[in-house]
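Spelled out from the first residue to the last, the chains are:
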Amino acid sequence: MVQTMKQTPLVKHNNMAVGLKLGNITDEVGGQDFFHAFFSTISYRLEVSGWGSRFPYLLKHLYQGKLIQEYAKQALDELDIIAAELKRLPPEKVVWDIENLDAAAPWGNKISSDITDLSNYFVTSAGRDLISVMRECIEELRDTGGMLEVVVL
C-alpha cells in the first residue's frame, strides 16, 4: 500500500536548510529533503494507516511547523517508540520521499559504516544524531515552555 501525506507539509522539497527553533536557539537539521525523508521513513515504515496515524504529535504538529509545550510529553513518547522501531530496520529501508518512492538519497548507498540501522541513519548537518537533537529540543520545550518551530534557515 502506498501512503501519501494527507496534509500539505510546511517543509517544501528543495535544498534550503531547516532547523528546530525554541526561543532564541535554533538547531540546524539539514536540507528540507533530508528532513522530509526522516518523516517519510517514519510514516511509510511505521504507520500502517497513513501519515500521522500513530505519531500525530510529531507528524501532524511538529512536521507541519509547530509543537506546543502541551504536546511535548506525547511527542517524546512517540519519539521513543520511533527510535526503538527504526533500530530494527536496516539502512536500505530508508524512504527518501513518501510521495515518490523511487526517489533515493543523494548519496545513494554510500553511507558511513557507523550507520547500522534507521535509528542512526539521520545525522544533522552539524554531525549530530537527528533523533537526539529532536529529543533535546522537545525536552527543553517540555521543561521551559514556548513553542518548538521548524524554520527555514
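Summarised in this report is the structure supplied together with it.

What counts, and at which threshold
- Residues numbered from 1 in each chain as written.
- Predicted model: local features only at pLDDT ≥ 70, side-chain atom pairs only at ≥ 80, totals over all residues.
- Heavy atoms only, no water.
- Helix = DSSP H or I, 4+ residues; strand = E, 2+ residues; numbered from the N terminus.
- Buried < 20%, exposed > 50% of the residue type's maximum accessible area, 1.4 Å probe, protein only.
- Contact = heavy atoms within 4.5 Å.
- Polar contact = N/O pair within 3.5 Å; in protein donor to acceptor, adjacent residues only side chain to side chain.
- Pairing = 2+ DSSP bridges.
- Axes fitted to C-alpha atoms, helices over the stretch in contact; angles between N-to-C directions.
- Parallel < 35°, antiparallel > 145°, perpendicular 65-115°, else oblique.

Quick look at the environment of aspartate 129
The residue aspartate 129 is located in the loop between α3 (72-86) and α4 (130-144) in this model. For aspartate 129, a relative accessible area of 24% translates into the label partly exposed. C-alpha of aspartate 129 to C-alpha of arginine 45: the two residues are 84 residues apart in sequence and 19 Å apart in space. Those residues in contact with aspartate 129 that lie beyond four places of it in its chain are Ser119, Asn120 and Phe122. At 3.3 Å, the side chain of aspartate 129 and the backbone nitrogen of isoleucine 131 are in polar contact. Looking at aspartate 129, its side chain comes within polar contact range of the main-chain nitrogen of serine 132, at 2.8 Å.

Section: the pairing of strand β1 (residues 17-22)
Taken residue by residue, a regular strand's side chains alternate between the two faces of the sheet. Of all 6 residues in β1, 5 are buried; the element is thus mostly enclosed. Here β1 pairs with strand β2 (residues 25-31) via 6 bridges, running antiparallel. Following the sheet pairing, leucine 22 is matched in β2 by isoleucine 25. Adjacent in sequence and paired antiparallel, β1 and β2 are bridged by 2 residues, among which glycine 23 carries a positive phi angle near 65°. Pairing of β1 with strand β4 (residues 147-152) involves 5 bridges; the strand directions are antiparallel. Residue pairing for β4: leucine 22 is matched across the bridge by leucine 148.

So, the packing of helix α1 (residues 32-46) against α4
Two quantities define a packed helix pair, namely the angle between the helix axes and the distance between the axes. Viewed as axis vectors pointing N to C, α1 and α4 meet at an angle of 90°, and their least axial separation amounts to 12 Å. One finds that α1 runs roughly perpendicular with respect to α4. Across from Phe34, Phe38 and Phe39 in α1, the residues of α4 making contact are Leu130, Ile131 and Met134.

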